[in-house]
Amino acid sequence: MEKAAGATQDSPHHRLDAVRHDRAEVIPESGHRWKQRSWLGIVPPAQLALQGVTVILTARDEKRGNYAVESLRRESELTNIIFHQLDVRDDNSVTSLAQYIESRYGKLDILVNNAAVSGIVADEEGLKALDIDAETWTSGRAANLLKEVFQNTYDEAVNCLNTNYYGCKRVTEALLPLLKLSTSGARIVNASSLASELKRMPNEKLRNDLCNINIWDEDRIEAVLNTFLEDLKNGRLEEAGWPMMLPTYSVSKMVINLYTRIMARRYPEMRINCVRPGFLKTDICWNLGVLMPEQGARGPVLLALLPDDGPTGCYFDQTEMVNVW
């Protein structure tokens, strides 16, 4: 946890030597479904609540979200975790959350955006039968093996982008007025993935463009995503040079990284970063991972509690800053 903990992008060796205890935090949970082992939906709130942070945990399903919070309260004796319903794809739901936070707290200090879906339809039995090892999976070499068990449908792709990227953007924009009121400088943490690394983008021109933060804004990101959807609809993903290992998910996380950098430049008073939690044993990756959710929580918690001189506009692989663009 010491490496890169309090770093700027040019100086990655400061330490995290202070934890704030006066913060309110929102953690949007998965837009897909809640499960006991959903890593960012459960573990970081508990860890942050133990540090004295008031946590608002959200989920699309109100019954399951309430159950998650009640379980945490009962098992960990934590009273500073609150549930509020949120569907990151729904403008009215997002507005309702923002109004609730404003009326109850008046400001927001930490936002962790982690709602995500895979963007494919999976034959889970067929996937298990392939028995793909973790190294093959995380390297991206499993793409050809998965063609028989994964379907990249247009509807699933639209839902994936609406959840993973537009959902993050929707929530962030709605809560920005409250984040700007943070007296200690807001922290925004966006969940990313190994799939976001630009070396996985076959399209050389787009790969080079994605490296150049100076040419990007949200309109240009939307144009790229529209092109991706058109190529998917027309069966041109491979021909056009898009990633073939979980293509929509990969592209969504590439633009999450880009959006993180755009926001960090736009709001230099905040600490805004993205983090890859690791290859976890959770439902979004069909429990194929090698790390437990508790291990995956280390990076998001680290970035949520950064000191004032901490990094911004950076990518972390768990707790270590790395360059993926």
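Thresholds applied
Residues numbered from 1 in each chain as written. Predicted model: local features only at pLDDT ≥ 70, side-chain atom pairs only at ≥ 80, totals over all residues. Heavy atoms only, no water. pLDDT = per-residue confidence, 0-100. Contact = heavy atoms within 4.5 Å. Phe/Tyr/Trp six-rings, centres within 6.5 Å; stacked < 30°, edge-to-face > 60°. Lys NZ or Arg CZ within 6 Å of the ring centre and 35° of its normal. Buried < 20%, exposed > 50% of the residue type's maximum accessible area, 1.4 Å probe, protein only. Helix = DSSP H or I, 4+ residues; strand = E, 2+ residues; numbered from the N terminus. Pairing = 2+ DSSP bridges. Right-handed = clockwise from strand over helix to strand, strands pointing away. 1 Å grid on protein atoms, 1.4 Å probe; cavity = no way out; pocket = protein on both sides within 12 Å on 5 of 7 lines; lining within 4 Å. Points joined across faces, edges and corners; volume = space filled by probe spheres on them. Nonpolar A, V, L, I, M, F, W, Y, C, P; charged D, E, K, R; others polar. Axes fitted to C-alpha atoms, helices over the stretch in contact; angles between N-to-C directions. Parallel < 35°, antiparallel > 145°, perpendicular 65-115°, else oblique. Left-handed = near helix turned anticlockwise from the far one by under 90°. Salt bridge = Lys/Arg side-chain N within 4 Å of Asp/Glu carboxyl O. Core = buried A, V, L, I, M, F, W, Y, C linked by side-chain atoms within 4.5 Å.

Right, let's get into the confidence of the model for the chain. Scored by pLDDT, the chain comes out at a mean of 84, with 82% of its residues at no less than 70. Between residues 30-41, whose pLDDT stays under 50, and residues either more than four places distant or in other chains, the model counts 45 contacts.

Moving on to the packing of aromatic side chains. Scanning all chains against the criterion turns up four aromatic pairs. The lysine or arginine in question, Lys-233, covers the ring of Tyr-154, its NZ or CZ lying 4.8 Å from the ring centre.

Every other side chain in a regular strand lies on the same face of the sheet, so the side chains alternate between the two faces. Most of strand S2 (residues 54-59) is tucked away, with five of its six residues classed as buried. Strand direction decides the pairing type here: S2 and strand S3 (residues 81-85), joined by five bridges, are parallel. Each bridged residue has a counterpart across the sheet, and for Val-55 the counterpart in S3 is Ile-81. A crossover connection joins S2 to the parallel S3 through helix H2 (residues 62-76); in handedness this β-α-β unit is right-handed.

A word on the environment of Val-189. One can find Val-189 in strand S7 (residues 187-191). Relative accessible area serves as the criterion here: at 1%, Val-189 is assigned to the buried category. Residues Val-189 and Asn-273 lie 84 residues apart in sequence; the distance between their C-alpha atoms is 5.3 Å. If we skip the residues at most four places from it in the chain, Val-189 touches Leu-111, Val-112, Asn-113, Asn-273, Val-275, Pro-300, Leu-303 and Ala-304.

So, on to empty space enclosed by the protein. Here the structure, examined in full by the defined rule, presents three cavities of 30 Å³ or more. Asn-113, Asn-114, Ala-115, Asn-164 and Cys-168 are, among the 13 residues lining the largest cavity, the residues nearest its centre. If you list the elements that add at least two residues to the lining of the largest cavity, you get helix H6 (154-164), helix H7 (166-179) and helix H11 (247-266). Broken down by element, the residue count for the lining of the largest cavity peaks at three residues, all from H7. Residues of the lining of the largest cavity, tallied by class, amount to seven nonpolar, five polar and one charged. As a volume, the second largest cavity reaches approximately 50 Å³.

On to the side chain of Glu-197. Looking at the secondary structure, you find Glu-197 in the loop between S7 and helix H8 (204-211). Apart from the residues lying within four places of it in its own chain, the contact partners of Glu-197 are Met-254 and Val-324.

Position of Ala-122 relative to the elements: it lies in strand S5 (residues 121-122). Exposure remark for Ala-122: the relative accessible area of 26% places this residue in the partly exposed category. Spatially, the C-alpha atoms of Ala-122 and Val-149 are 5.8 Å apart, while their sequence positions differ by 27 residues.

Looking now at the side chain of Thr-136. Locating Thr-136 in the fold gives a position in helix H5 (residues 134-139). If we ignore the near neighbours within four places in the chain, the residues touching Thr-136 are Arg-141 and Ala-142.

In this structure, Leu-210 sits in helix H8. Beyond its immediate stretch of four places on either side in the chain, Leu-210 contacts Leu-198, Met-201, Trp-216, Met-254, Leu-258 and Arg-261.

For the rest of this paragraph, the subject is the packing of H6 against helix H9 (residues 218-233). One can describe the packing of H6 onto H9 by two numbers: an axis separation of 10 Å at closest approach and a directional angle of 165°. Considered as vectors, H6 and H9 are oriented roughly antiparallel to each other. For the pair H6 and H9, the sense of crossing is right-handed. Facing Tyr-154, Ala-157, Val-158 and Leu-161 of H6, the residues of H9 in contact are Leu-225, Phe-228, Leu-229, Leu-232 and Lys-233. Among the residues forming the contact of H6 with H9, the class breakdown is eight nonpolar, no polar and one charged.

In the structure shown here, the tally under the stated rule is 15 salt bridges. The shortest N-O distance in the salt bridge between Glu-135 and Arg-141 comes to 2.5 Å. The partly exposed category is assigned to Glu-135, whose relative accessible area is 45%. A single salt-bridge network, built from bridges that share partners, covers Lys-205, Asp-209 and Arg-220.

This part is about the nonpolar core. Ranked by internal contacts, the top residues of the largest apolar core, which has 54 residues, are Leu-175, Leu-179 and Trp-242. Contributions of two or more residues to this core are made by helix H3 (91-104), H6, H7, H8, H9, helix H10 (237-240), H11 and strand S8 (271-276). Here the element with the most residues in this core is H11; it accounts for nine residues. Here Trp-242 is in contact with Met-201, Pro-202, Leu-206, Val-224, Thr-227, Phe-228, Asp-231, Leu-237 and Val-251, once residues within four sequence places are set aside. Counting 25 residues, the second-largest nonpolar core is a separate cluster that includes Ala-49, Val-69, Ile-110 and Met-321.

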